[in-house]
Amino acid sequence: MLFRDKGYSSIEELYADNEKLIYTFIRDHTEDETAVGELVQIIWYKILTNYDKLPTFSTKKTKDYIRAIAHNAVVDYFEEEKKRLDLFDEMVYFFKEESDETIEAELEDFCNRELEDYLHEAMDILDEREKYLIKLRFYDKMTSPAMGELLGMSDGVVRMTILRILKKLRKEIETMQRRDEDGR
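Residues numbered from 1 in each chain as written. Predicted model: local features only at pLDDT ≥ 70, side-chain atom pairs only at ≥ 80, totals over all residues. Heavy atoms only, no water.

(A) A look at the packing of aromatic side chains. The final tally for this structure, using the stated rule, is 2 aromatic pairs. Both rings, one in Tyr77 and one in Phe78, keep their centres 5.1 Å apart while their planes meet at 85°; by these two values the pair is edge-to-face. Judged by its relative accessible area of 7%, Tyr77 falls in the buried class. (Phe/Tyr/Trp six-rings, centres within 6.5 Å; stacked < 30°, edge-to-face > 60°. Buried < 20%, exposed > 50% of the residue type's maximum accessible area, 1.4 Å probe, protein only.)

Laid out in structure tokens, this is it:
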């Protein structure tokens, strides 16, 4: 079998022998159940795709190798999480003068890990007016009252229009994510 030279008779034995090690290691870094679940999957994926690099006939060395994979996965995961949160904080900053909780909730949903990868492509579905509004809001950092004054619209209409554009972008990003997941 594939794992015999690694000191295990099967993948199940490798999993059973190291499941607690991985779970405990992750729990030392976070209590967030979502993060724990994602990290467990990431770590096992890395272990299984790199099984040929596992040390041979030494469960202690294998555990050390798995611990290193877990460490790197946790560091990478939280670096990506920090980038996502920084982007979210930046977008919330633009909305800080507006205490509209609906917009903030929409932004939180909108700012997922893949946003950076998909946002540029998703912008192609917007018409010129929508792109202009997004440009004013996020690139030129205009508040909705200032945008309303410039465009001859009320503050509420500007905020609702931006919200609809963000929903449209989110829907397109979700469609692209499903397309990419199906293409794997």
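Now that the structure is up, let's keep going.
(B) Local environment of the environment of Leu14. With respect to the helices and strands, the residue Leu14 is situated in helix α1 (residues 11-27). Separated by 49 residues in the primary sequence, Leu14 and Lys63 place their C-alpha atoms 9.8 Å from one another. (Helix = DSSP H or I, 4+ residues; strand = E, 2+ residues; numbered from the N terminus.)

(C) Here's a closer look at the environment of Met147. Looking at where Met147 falls in the secondary structure, it is placed in helix α7 (residues 144-151). Placed 14 residues apart in sequence, Met147 and Leu133 show a C-alpha to C-alpha distance of 8.1 Å. Once residues within four sequence positions are removed from consideration, Met147 is found in contact with Leu133, Leu136, Arg137, Met142, Val158 and Ile162. (Contact = heavy atoms within 4.5 Å.)

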